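Fold and contact review
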Amino acid sequence: MKPPRISDERLIELNAVEKWFGPVKVLDKVDFHVHRGEVVVLIGPSGSGKTTLLRCINHLESVQAGQVRVNGALIGYRERRGKLVADRERDIAFQRREVGMVFQRFNLFPHMTALENITLAPLRLRGVPKAKAEEDARALLARVGLPDKADAYPAQLSGGQQQRVAIARALAMQPAVMLFDEPTSALDPEMVGEVLTVMQDLAKSGMTMVIVTHEMGFARQVSDRVVVMAEGRVVEAAAPDQLFANPQHPKTRALLSAVLH
Amino acid sequence: MHFDWTYFRDQLFTPSTAFLDGLFLTVLLAVSAEALGMILGLVVAFGRMSRNRALKWLAVGYIWVMRGTPLLVQIVFIYTGLAAAGILRFNDINVAGIVFPGSVQAGILALALHEAAYMAEVYRAGIGSVDIGQFEAAKALGLPPSMVMRYVIMPQALRVILLPIGNQFNIMLKNTTLVSVIGVSEMLLVTETINSATFRTFELYSVLALYFLALTTLWQLFLNWAERRLARSRVPQAAKQRPASDAQEAAA
């Protein structure tokens, strides 16, 4: 049973996606989809391809075979007379506006204040007037619990605070979906909670989210579906209660016993 | 030893109009060639980093040739060589009564083309010093490549390339003497002309050296000032690579 806030519409759809790094096959005919409003957590041992899968969704990685669609639109390629042709960078950039991304290492722009980090894209890409962009940015900072950090530079913020600014920065473009690549892995333990809380609020607000994480407790609490990857393949996908209580695939069992004990 | 102190002092403190014109031309050559070289260098750098193979190898070839052959040879090649081959002749241009000799145009162009090859590598090193995560975060926001460079990468690269740019202009100031060979009356050529009439080589070249030393010293003082200013505006960046907990302790 899926919660009513999740629509039947597939916001993200990957079909038979293949990806090599040199001779190494990191994604092996992966099928994957996310419904609008759904929160999907990707888990798997390191090297299983979960981060690569995430990065294919906004074309930070190109794919060698298969298709990636966001909101129905093919990402990174266009069909021309039945063939797939690589898009130009500028066209890919346009598509990326729909997809927000939060990185493991925050990647805030160090030469800009928190406010400038957040307003950059709305100002330059959406043509939002400066006053409006700043007002929205302050509202976002309040939403992530940092109303008084607008003028702080990234280096003046703790890791947890930086990651929350990074979330606000991604939200500023009002994306249809948010991708999180191990958002708490680079944080000191005492700062993990504040970031997860922000993400939980975001999930409650109905945002579509795809999250790569090792936080099993969080996955269990917040996600609608957990997708398990191993050796470049999706081996199992199920609602969290079902998956954690009764894992079907041996790889899932091995992973869970390694993580939970 | 014969050193005519009076002559030396007169040349140093009350130089001839011809020498002052030469000084002006030296500065004009250096500033315009550096400016042009910095712009061309940026184009070459982007070509060098392009995914387009033809562009990339064109840029690689350009850098290879311009850095691998003597500047003096390039200057003669561009001014005298091209004209002799009937490819390009630099004619004097008259702009509102001020004559801009063909030799000066060719001199600026040659110095700039040479500079561009070095600046391209300076830019490339600066851009390469910026963390890959910065490119990715900027791209993920949906910024097109031009904006990624302009708003995110170049401001960070600038901190790294300011020092080598300072070096490059210092070298440029001195390299202007080479265009004397195609008849540009900058400081060296003026000095040589005076020398051919007076044969006070030691005194005259001492004066010439001191004027160059003054120019490069002024430039260095400016750089020191700029570096201090930048250091002040960069306080927040100081803790950039430190783990967050350290940064917090430092702030406390």
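Residues numbered from 1 in each chain as written. Chains lettered and ligands numbered in written order. Predicted model: local features only at pLDDT ≥ 70, side-chain atom pairs only at ≥ 80, totals over all residues. Heavy atoms only, no water.

**Quick word on the interface of chain B and chain A**
As a measure of interface size, the accessible area lost when the parts come together is often cited. Listed by partner, the interface residues are 29 residues for chain B and 32 residues for chain A. At the boundary of chain B with chain A, total buried surface from both sides reaches about 2,600 Å², with 64% on carbon and sulfur atoms. Run the count over chain B and chain A and you get 2 salt bridges. The shortest N-O distance in the salt bridge between Glu 89 of chain A and Arg 51 of chain B comes to 3.1 Å. Viewed at the interface, chain A and chain B are joined by 6 residue pairs in polar contact (both at pLDDT 80 or more). (Contact = heavy atoms within 4.5 Å. Buried area = accessible area lost by both parts, 1.4 Å probe. Salt bridge = Lys/Arg side-chain N within 4 Å of Asp/Glu carboxyl O. Polar contact = N/O pair within 3.5 Å; in protein donor to acceptor, adjacent residues only side chain to side chain.)

**Overview of a nonpolar patch on the surface**
All names here are of chain B. On the surface, Phe 24, Leu 28, Ile 93, Val 95 and Phe 100 cluster together into a nonpolar patch covering about 430 Å² of accessible area. Only α2 (17–49) and β1 (93–95) provide two or more residues apiece to the nonpolar patch. Examined against the element boundaries, Val 95 turns out to sit in strand β1. (Patch = residues over 30% accessible without salt bridge, like charges linked within 9 Å, V, L, I, M, F, W, Y side chains within 5 Å. Areas by Shrake-Rupley, 256 points an atom, 1.4 Å probe, with all protein chains shown as cover. Helix = DSSP H or I, 4+ residues; strand = E, 2+ residues; numbered from the N terminus.)

**Observations concerning the side chain of Thr 52 of chain A**
Residues and elements named next belong to chain A. Here Thr 52 shows up in helix α1 (residues 50–57). Classification of Thr 52 by relative accessible area gives buried; the value is 11%. Here Thr 52 is in contact with Lys 19, Phe 21, Val 26, Leu 27 and Glu 61, once residues within four sequence places are set aside. (Buried < 20%, exposed > 50% of the residue type's maximum accessible area, 1.4 Å probe, protein only.)

**Some points on the sheet that holds strand β5 (residues 73–74) of chain A**
Residues and elements named next belong to chain A. Read across the sheet, 4 strands follow the order β2-β1-β4-β5 without closing on themselves; strand pairing throughout is antiparallel. The open sheet has two edge strands with one neighbour each: β2 (24–35) and β5. Where strand β1 (residues 10–21) lies against strand β4 (residues 65–70), 5 bridges are found, and the strand directions are antiparallel. Its bridge partner lying in β4, Ile 12 is registered against Val 70. (Pairing = 2+ DSSP bridges.)

**As for the packing of aromatic side chains**
Following the criterion strictly, the structure yields 9 aromatic pairs over all chains and no others. On the basis of an interplanar angle of 90° and a centroid distance of 5.7 Å, the ring pair of Trp 5 of chain B and Phe 8 of chain B is categorised as edge-to-face. Here Phe 8 of chain B and Trp 5 of chain B lie together in helix α1 (residues 5–13), a separation of 3 residues that amounts to about one turn. A connected cluster of aromatic rings, assembled from ring pairs, spans Phe 3, Trp 5, Phe 8 and Phe 202 of chain B. If you follow Arg 169 of chain A out to its NZ or CZ, it ends over the ring of Phe 109 of chain A, 4.4 Å from the centre. Between Arg 67 of chain B and the ring centre of Tyr 118 of chain B, over which it is positioned, the NZ or CZ distance is 5.7 Å. (Phe/Tyr/Trp six-rings, centres within 6.5 Å; stacked < 30°, edge-to-face > 60°. Lys NZ or Arg CZ within 6 Å of the ring centre and 35° of its normal.)

**Considering unusual backbone geometry**
Trans is the common state for peptide bonds, and a negative phi is the common state for residues other than glycine. Residue and element names in this part refer to chain A. Positive phi is not limited to glycine here, since Ala 16 has a value of about 45°. With respect to the helices and strands, the residue Ala 16 is situated in strand β1. One non-glycine residue, Glu 231, lies in positive phi territory at about 50°. Here Glu 231 lies in the loop between β11 (225–230) and β12 (233–238). Among the residues examined, Glu 231 registers a relative accessible area of 58% and is labelled exposed.

**What to know about the nonpolar core**
Grouped together as the largest cluster of nonpolar side chains are 63 residues, with contacts concentrated most on Phe 32 and Val 210 of chain A together with Leu 143 of chain B. The element contributing the most residues to this core is helix α7 (residues 145–175) of chain B, with 10 residues. If near-sequence neighbours (up to four positions away) are discounted, Leu 143 of chain B is found in contact with Ala 93, Leu 120 and Leu 125 of chain A together with Ala 138, Val 148 and Val 152 of chain B. The next biggest cluster of nonpolar side chains, apart from the first, holds 49 residues, and it includes Leu 140, Met 178, Val 198 and Leu 202 of chain A. (Core = buried A, V, L, I, M, F, W, Y, C linked by side-chain atoms within 4.5 Å.)

**Thoughts on helix α4 (residues 130–143) of chain A**
Structurally, the α-helix is built with 3.6 residues per turn, so residues lying three or four positions apart point the same way. All names here are of chain A. Relative to the 20 Å expected for 14 residues at 1.5 Å per residue, α4 spans 20 Å between its end C-alpha atoms, a close match to the ideal helical length. Looking at α4, one finds that the buried residues are Ala 133, Ala 137, Leu 140 and Leu 141. Down the axis of α4, the smallest arc covering the buried residues is 100°, so these residues share one side. Opposite the buried face of α4, by more than 90 degrees, sit the exposed residues Ala 131 and Glu 135. Elements in contact with the buried residues of α4: α3 (114–125) and α5 (159–171). (Expected span 1.5 Å × (residues − 1). Arc of directions from axis to C-beta.)

**Here we look at the sheet that holds strand β8 (residues 99–102) of chain A**
All names here are of chain A. Judged by pairing direction, the sheet is mixed, and its 6 strands sit side by side in the order β8-β9-β10-β3-β11-β12 without closing on themselves. The sheet is open, and its two edges are formed by β8 and β12, each paired on a single side. Shown here is a sheet whose adjacent strand axes are inclined to one another by a mean of 20°, direction ignored. Against the sheet, helix α6 (residues 189–204) engages β3 (39–43), β9 (177–181) and β10 (208–212), with an angle of about 145° to β10. (Axes fitted to C-alpha atoms, helices over the stretch in contact; angles between N-to-C directions.)

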